[in-house]
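Listed below, chain by chain, are the residues.
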Amino acid sequence: MTSPVPTSPTSITQDASQAAAAPWQRAATGANLLSADGSLGVTIFEEMTTLAVSTGAINLGQGFPDEDGPAEMKAAAQAAITAGANQYAPGKGILELREAISAHQERFYGLTPDPHTEVVVTTGATEAIAASLLAFVQPGDEVLTFEPFYDSYGAIIGLAGGVHVTAPLLAPDFMPDMDRLEAAFGPRTRVVMLNNPHNPTGAVFPRPVLERIVELVEKHNALIVSDEVYEHLTFGVPHIPVATLPGAAGRTITISSAGKTFSFTGWKIGWLSGPEHLVAAIRTVKQFLSYSSGTPFQGAVAVGLGLPDTFYQEIASTLQRKRDILAEGLRAAGLGVYLPQGTYFINVDTSPLGIRDAVDLARRLPALVGVAAIPVPVFCHPEGAERTRSLLRFAFCKRESVLAEAASRLASLRDKLQA
């Protein structure tokens, strides 16, 4: 079954006639997986991966690297397994990792979360997001995200019974329209789900944007849940954690993970930090989701967090070089390229080739040129899907040889479309 194009109601919780929908239906609708007729689709990632496999295409859809991360982290995980670290870790994570997370926050940002009471290790950032939203969002509460939005946000907002409100990020730089952002706040705004650096657009929000978000959150007495998993993957611009801004620390939960920074997405080790009373509430929910996470990997991630500054500088510069290789091929294909400031992803506009339906092109692309991508409209509600109708997202977190081959294949797109 293919993923439904997001033209159905954006959230069951926003439709009073469907208020009695089952939790799974609310989650599926929030992630654009439930069609208007009630049929359930697979995620766009599964659909595009299946097409890539069946056609032999290079999969630049889902954002996972095709190379392992630091050898010392792998060795630490292997040693931990051999030494017997194979049973449950403490529910909030082993102390070694919590201390490493706290030290990382102080080293890079001047934040000093208490590793005993203000840090929790989670099963990836996804669980941290889920536990945070489930801890604080009651039925009818509004959760504000930027749009396009990472699909798990919509799913968990729906699962919690919340109302998903969005503020658009506009090409070419994918910065928010500040008037529309302010208009998106209201008396029922409970949480701002911030994603910075931003997936899928690759935007990195500057200080004035973050300061305005904090002002609005303070005005409406809301919380910030800040997904910062791409914090070390920015290109020539700084990442500014929103918790470092005046007025933000006391109402912000900061989330990150080992997957993107260290290229170990399969380890599923994430974390969150913030004020003790908020962290305690989230930990209460988290312990009934996974309870604990990947014991032998936790010490290995602590090793990674202690790597020297040169490591962090190199991963960003390497990824920027990969971005530029793919961007060159996309331009050669005749696509409009929006060069990202961070993350694994680059967005393109297909309209210069006369194509307005990126969902349709994404389904044709693997067979057409041997490359798979993700259509941006699937990360949007209906109005946003129309606004981004011609946009595709490509992942460049692959080996340079793979990206060079993908760029070569993509360069033939214009001719293949005209054939």
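Residues numbered from 1 in each chain as written. Predicted model: local features only at pLDDT ≥ 70, side-chain atom pairs only at ≥ 80, totals over all residues. Heavy atoms only, no water.

A. A look at the overall build of the protein. Per the secondary structure count, the protein includes 16 helices and 14 strands. Taken over the C-alpha trace, the protein has a radius of gyration of 21 Å; the compact-globule value for 419 residues is 22 Å, and the two agree within 12%. Seen through its principal axes, the protein has C-alpha atoms that stretch 65 × 55 × 40 Å. A total of 419 residues make up the protein; the buried ones form 58% of that total. The long-range share in the protein, meaning contacts at least 24 apart out of those at least 6 apart in sequence, stands at 73%. When the accessible surface of the protein is split by element, carbon and sulfur atoms take 53% of a total near 16,000 Å². (Helix = DSSP H or I, 4+ residues; strand = E, 2+ residues; numbered from the N terminus. Rg over C-alpha atoms; globule rule 2.2 N^0.38 Å. Buried < 20%, exposed > 50% of the residue type's maximum accessible area, 1.4 Å probe, protein only. Contact = heavy atoms within 4.5 Å. Areas by Shrake-Rupley, 256 points an atom, 1.4 Å probe, with all protein chains shown as cover.)

B. Inspection of the side chain of Asp141 at higher detail. Locating Asp141 in the fold gives a position in the loop between helix 5 (124–136) and strand 3 (142–147). Among the residues examined, Asp141 registers a relative accessible area of 12% and is labelled buried. From its side chain, Asp141 meets the backbone nitrogen of Gln138 in a polar contact 2.9 Å long. In contact with Asp141, other than residues within four places in its own chain, are Phe136, Gly162, Val163, Arg188 and Arg190. (Polar contact = N/O pair within 3.5 Å; in protein donor to acceptor, adjacent residues only side chain to side chain.)

C. How the structure looks around the sheet that holds strand 13 (residues 374–375). Across the sheet, which stays open at both edges, the 4 strands sit in the order 10-11-14-13 with antiparallel pairing between neighbours. Two strands lie at the open edges of the sheet, namely strand 10 (336–338) and strand 13, each paired on one side alone. Two strands pair when backbone bridges link them, and strand 13 and strand 14 (residues 391–395) are joined in this way by 2 bridges, in the antiparallel orientation. Paired with Pro375 across the two strands is Leu392, which belongs to strand 14. (Pairing = 2+ DSSP bridges.)

D. Region of the structure containing unusual backbone geometry. Residue Pro197 is reached from Asn196 by a cis peptide bond, and omega for that bond is -5°. When you line up the elements, Pro197 lands in the loop between strand 6 (189–195) and helix 8 (207–219). Note that the residue after Asn199, namely Pro200, is joined by a cis bond; omega there is 20°. Looking at where Pro200 falls in the secondary structure, it is placed in the loop between strand 6 and helix 8. For Asn32, which is not glycine, the phi torsion reads 60° and is therefore positive. Note on placement: Asn32 falls in the loop between helix 1 (23–30) and helix 2 (44–55). Its identity as a non-glycine residue notwithstanding, Asn221 has a phi of 50°, on the positive side. Here Asn221 shows up in the loop between helix 8 and strand 7 (223–227).

E. A look at helix 12 (residues 309–332). Counted at 1.5 Å a residue, the expected span for helix 12 with its 24 residues is 34 Å, and the 35 Å between its end C-alpha atoms agrees. All of the buried residues along helix 12 are Phe311, Tyr312, Ile315, Ala316, Thr318, Leu319, Lys322, Arg323, Leu326, Ala327, Gly329 and Leu330. Gly334 sits one or two positions beyond helix 12 and adopts a positive phi of about 90°. (Expected span 1.5 Å × (residues − 1).)

F. Main features of the confidence of the model for the protein. For the protein, per-residue confidence averages 94 on the pLDDT scale, and residues scoring 70 or more make up 95% of the total. Taken together, the stretch residues 1–18 has pLDDT below 50 and engages in 50 contacts with residues farther than four places along the chain or on a different chain. (pLDDT = per-residue confidence, 0-100.)

G. A look at the pattern of salt bridges. For the structure on display, the rule yields 15 salt bridges. Salt-bridge contacts for Arg180 lead to Glu383; the nearest nitrogen and oxygen are separated by 3.3 Å. Note that Arg180 is positioned in helix 7 (residues 178–184) and Glu383 in helix 14 (residues 382–387), a separation of 203 residues in sequence. Among the residues examined, Arg180 registers a relative accessible area of 36% and is labelled partly exposed. Here the salt bridges share partners, and the residues they tie into one network are Glu182, Arg212 and Glu215. (Salt bridge = Lys/Arg side-chain N within 4 Å of Asp/Glu carboxyl O.)

H. View of helix 1. Within helix 1, burial applies to Arg26, Ala27, Ala28, Thr29 and Gly30. With its phi angle positive at about 60°, Asn32 sits one or two positions after the end of helix 1.

I. Up close: the packing of aromatic side chains. Counting across every chain of the model gives 16 aromatic pairs. Each ring, one from Phe146 and one from Phe205, has its centre 5.1 Å from the other, and the planes form 50°; the classification is tilted. Placement of Phe146 in strand 3 and of Phe205 in the loop between strand 6 and helix 8 is noted, with a sequence separation of 59 residues between them. We classify Phe146 as buried; its relative accessible area is 5%. Centre to centre, the rings of Tyr230 and Tyr344 are 5.4 Å apart; their planes meet at 75°, and the pair counts as edge-to-face. Note that Tyr230 is positioned in the loop between strand 7 and strand 8 (252–257) and Tyr344 in the loop between strand 10 and strand 11 (345–349), a separation of 114 residues in sequence. The class for Tyr230 is buried, based on a relative accessible area of 3%. Ring pairs connect the aromatic residues Phe108, Tyr109, Phe262, Phe311 and Tyr312, which therefore count as one cluster. Note that Arg393 overlies the ring of Phe345, its terminal NZ or CZ placed 3.6 Å from the centroid. Taking the ring centre of Phe64 as reference, the NZ or CZ of Lys398 above it sits at 3.8 Å. (Phe/Tyr/Trp six-rings, centres within 6.5 Å; stacked < 30°, edge-to-face > 60°. Lys NZ or Arg CZ within 6 Å of the ring centre and 35° of its normal.)

J. Spotlight on the environment of Trp267. Mapped onto the secondary structure, Trp267 falls in the loop between helix 9 (258–262) and strand 9 (270–273). With a relative accessible area of 13%, Trp267 lands in the buried category. For the pair Trp267 and Gly154, spaced 113 residues apart in the sequence, the C-alpha separation amounts to 24 Å.

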